[in-house]
Amino acid sequence: MAPDTAEKDLIDARAGRDASFFDLYSIDQANDNDLALIFDISRRFRHHKTHKFALNKGCSQVCAFFEASTRTLASFDLAAKNLSMDTNNISSSGSSTKKGESYLDTAETLDSYNIKTLVVRSKEAGVAEFLSRHVNAAVINAGDGWHEHPTQALLDALTMLDHFKTTNLAGKTITIVGDIMHSRVFGSLVRILKKLKADIRVSAPETFLPPFVENFGLKTYYKVDEALAGADVVYALRVQEERGAHGFIPTLREYSKMYGISRKRLDLANKNAILMHPGPVRRDIDVHSALVAVDDQSHILRQVENGMAVRKSLLWLLANRLDGKVKEIKRK
Ligand code: CP
């Protein structure tokens, strides 16, 4: 069947370009060309957001989520369906890992169904990278422990670049506030912000800052108001109680008072600054309720929308290579 207008737009834009990676477990794998390609294709998918594509017809995907998710799971599943993929989702409680099967045996079993993409979320760091060396499917890290969440960083970067109508973030100050220590979102975000040349500030109680965090080339602030002054993006992170974060602060109420993003605090940032949060938001702890969804400065739902576009882009790029190369499995 001949491609329709929307598909032709995508196909022309891609024009022989492939990602340099076969799996995506760390944002470090994406070079400047990869980022440009992903952002270009994502914007086009966003533009054609109501269109149903046949680009990945005949390909299958499994999302294996061994930890809870709303945004990432729903968007990967809907993105795959939008590209005409067959999809299946498994969770830790509903999978044979509950009976003692290993992640490796689970992944090799799923790979035997000739799936093209395996999207993995795990409580432990390194699971997606490990599995990527054992299966033919493209493995996409949907969050591994405290380590990385690369598709979140891609959607965040796209949100920032589009707001500032720019191709990099040179001269822009991004202030990240919150539970840096336990955050895989931070792990990928800081890497992509470095690639995009942003000035990065972090503000948190000392107990929420990992040792040697300055080695990322950022500035740390214990006083959040100082970190917010003159910021272009205020990026709030959730206090991650499921990782024991409450043991690092006296009380959630005190944390909210000292670091929660209020209207008054957001006003310390630049006039056209935006508020971002990866979700799920702990209202009135990370961000005051009135700022979450409806405030003009809040880009939280725009991040969600961009998440769908970025994931469609990756699924097309990784499930359907144009260069004909196949992934080499390196079990090491
Ligand atoms: N931002 C994010 O990963 O959200 P979910 O946990 O809902 O997927």
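Description of the pattern of salt bridges
Proximity of charged atoms lets side chains of opposite charge pair with each other.
Working step 1: Scanning all chains against the criterion turns up 18 salt bridges.
Working step 2: Taking the shortest distance from any N to any O, the salt bridge between D40 and R17 comes out at 2.8 Å. With D40 in helix α2 (residues 32–47) and R17 in the loop between α1 (5–14) and α2, this pair connects stretches of sequence that are 23 residues apart.
Working step 3: Taking the shortest distance from any N to any O, the salt bridge between D23 and K327 comes out at 2.6 Å. Highlighted residues: D23 in the loop between α1 and α2 and K327 in the segment after α11 (300–319), separated in sequence by 304 residues. For the pair formed by D23 and K327, the shared burial category is buried.
Working step 4: When salt bridges with common partners are traced through the structure, they connect D9, R17, D40 and R44 into a single cluster.

Points about the layout of surface pockets
Working step 1: By volume, the largest pocket amounts to about 380 Å³.
Working step 2: Forming the walls of the largest pocket are 20 residues, and the residues nearest its centre are R121, R184, R238, G279 and P280.
Working step 3: Sorting the residues of the lining of the largest pocket by element identifies α3 (71–82) and α7 (184–195) as the ones contributing at least two each.
Working step 4: Split into classes, the residues belonging to the lining of the largest pocket amount to five nonpolar, eight polar and seven charged.
Working step 5: Two domains share the lining of the largest pocket, each providing at least three of its residues, namely domain 1 (5–145 + 306–319) and domain 2 (150–291).

Cut-off values and rules
- Residues numbered from 1 in each chain as written.
- Predicted model: local features only at pLDDT ≥ 70, side-chain atom pairs only at ≥ 80, totals over all residues.
- Heavy atoms only, no water.
- Salt bridge = Lys/Arg side-chain N within 4 Å of Asp/Glu carboxyl O.
- Helix = DSSP H or I, 4+ residues; strand = E, 2+ residues; numbered from the N terminus.
- Buried < 20%, exposed > 50% of the residue type's maximum accessible area, 1.4 Å probe, protein only.
- 1 Å grid on protein atoms, 1.4 Å probe; cavity = no way out; pocket = protein on both sides within 12 Å on 5 of 7 lines; lining within 4 Å.
- Points joined across faces, edges and corners; volume = space filled by probe spheres on them.
- Nonpolar A, V, L, I, M, F, W, Y, C, P; charged D, E, K, R; others polar.
- Domains from an automatic or database assignment.

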